[in-house]
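Here is what each chain is made of, one letter per residue.
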Amino acid sequence: MAKDDISFSKNEREFKFGSKCIGISSNKTKFNFRVACIVERDGQVLLHKQKKDDFWNLIGGRLKYCETCEEAIRRELKEEIGCECKSAKILRVCENFFEFKGTRFHEMLVIFGIELLGDIKKENIEEKIEIKWFSKQELESIKIKPEFAKKMMLEKEEHLGWLVNDEIRSFV
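An account of the accompanying structure is given in this report. (Residues numbered from 1 in each chain as written. Predicted model: local features only at pLDDT ≥ 70, side-chain atom pairs only at ≥ 80, totals over all residues. Heavy atoms only, no water.)

1. Section: helix α3 (residues 148-155)
By the burial criterion, the buried members of α3 are Phe148, Ala149, Lys150, Met152 and Met153. Packing partners of the buried residues in α3 comprise β4 (29-41), β5 (44-50), β7 (84-100), β8 (103-117), α2 (136-139) and β10 (161-166). A positive phi of about 45 degrees marks lysine 156, the residue just after α3. (Buried < 20%, exposed > 50% of the residue type's maximum accessible area, 1.4 Å probe, protein only. Helix = DSSP H or I, 4+ residues; strand = E, 2+ residues; numbered from the N terminus. Contact = heavy atoms within 4.5 Å.)

2. As for the packing of aromatic side chains
All chains considered together, the criterion is met by 3 aromatic pairs. Ring centres of phenylalanine 55 and phenylalanine 100 lie 5.9 Å apart, and the angle between their planes is 90 degrees; on these two criteria the pair is classed as edge-to-face. Of this pair, phenylalanine 55 sits in the loop between β5 and β6 (59-62) while phenylalanine 100 sits in strand β7, and the two are 45 residues apart along the sequence. Residue classification places phenylalanine 55 among the buried positions, given a relative accessible area of 7%. When the ring of tryptophan 56 is compared with that of phenylalanine 134, the centres are 5.0 Å apart and the planes differ by 75 degrees; the resulting orientation is edge-to-face. With tryptophan 56 in the loop between β5 and β6 and phenylalanine 134 in strand β9 (residues 129-135), the pair connects residues that are 78 residues apart, well separated along the chain. (Phe/Tyr/Trp six-rings, centres within 6.5 Å; stacked < 30°, edge-to-face > 60°.)

3. Some thoughts on the pattern of salt bridges
Inspection of every chain in the model, using the stated rule, returns 11 salt bridges. Arginine 41 is paired through a salt bridge with aspartate 119; the nearest N and O atoms lie 3.1 Å apart. In this pair, arginine 41 is assigned in strand β4 and aspartate 119 in the loop between β8 and β9, connecting sequence segments 78 residues apart. Aspartate 119 gets classed as exposed once you look at its relative accessible area, which sits at 59%. When the shortest N-O distance is used, the salt bridge between glutamate 115 and lysine 86 registers 3.1 Å. Taken together, the residues glutamate 115 in strand β8 and lysine 86 in strand β7 connect sequence positions 29 residues apart. Using a relative accessible area of 37% as the deciding quantity, one classes glutamate 115 as partly exposed. Salt bridges sharing partners connect three or more residues here, namely Glu67, Arg75, Glu76 and Glu79. (Salt bridge = Lys/Arg side-chain N within 4 Å of Asp/Glu carboxyl O.)

Remember, this is a structural readout, not a statement about activity or role.
So, in structure tokens, the structure goes:
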């Protein structure tokens with residue numbers, strides 16, 4: 001860790017700040033603070049996925065210490081697809097509970113609606129991801145995580161909302 005980073009570790013719990021992303025983990029449970037965005041253009045929605053995964057998701061990632069949510073989504077867009085956005089409007093704040101690869105997650109997720117500046121250039125796309133534009137009709141037949149994101153893209157609500165998405169009924 002860099003000298004200006006803060007780290008705390010005790011009894012298998014970990015808390016990190018600094019140039020690293022914000023997260024807390026304990027055994028098989030992890031807390032994340034993330035941002036994601038819904039990108040629409042010409043009636044289509046942009047999604048991405050890790051090449052190794054079998055599901056699509058919203059573009060985004062974890063916040064870094066002392067970074068605002070808007071700064072984080074702008075950074076993630078630049079890192080993942082090499083684009084900047086014209087505007088970023090918060091659509092939803094979600095407390096998201098889910099399990100992935102044997103780890104239980106408690107995630108605070110801020111979802112923005114954004115408009116891209118310019119076009120996506122293939123050479124700017126992060127090597128480990130795949131991106132694709134989907135029509136709203138195609139969204140019905142593809143696997144998207146988190147699942148509630150599909151409903152958001154299809155219904156396009158214009159007001160800020162809070163959502164608790166619990167995919168783990170016995171979350172401890």
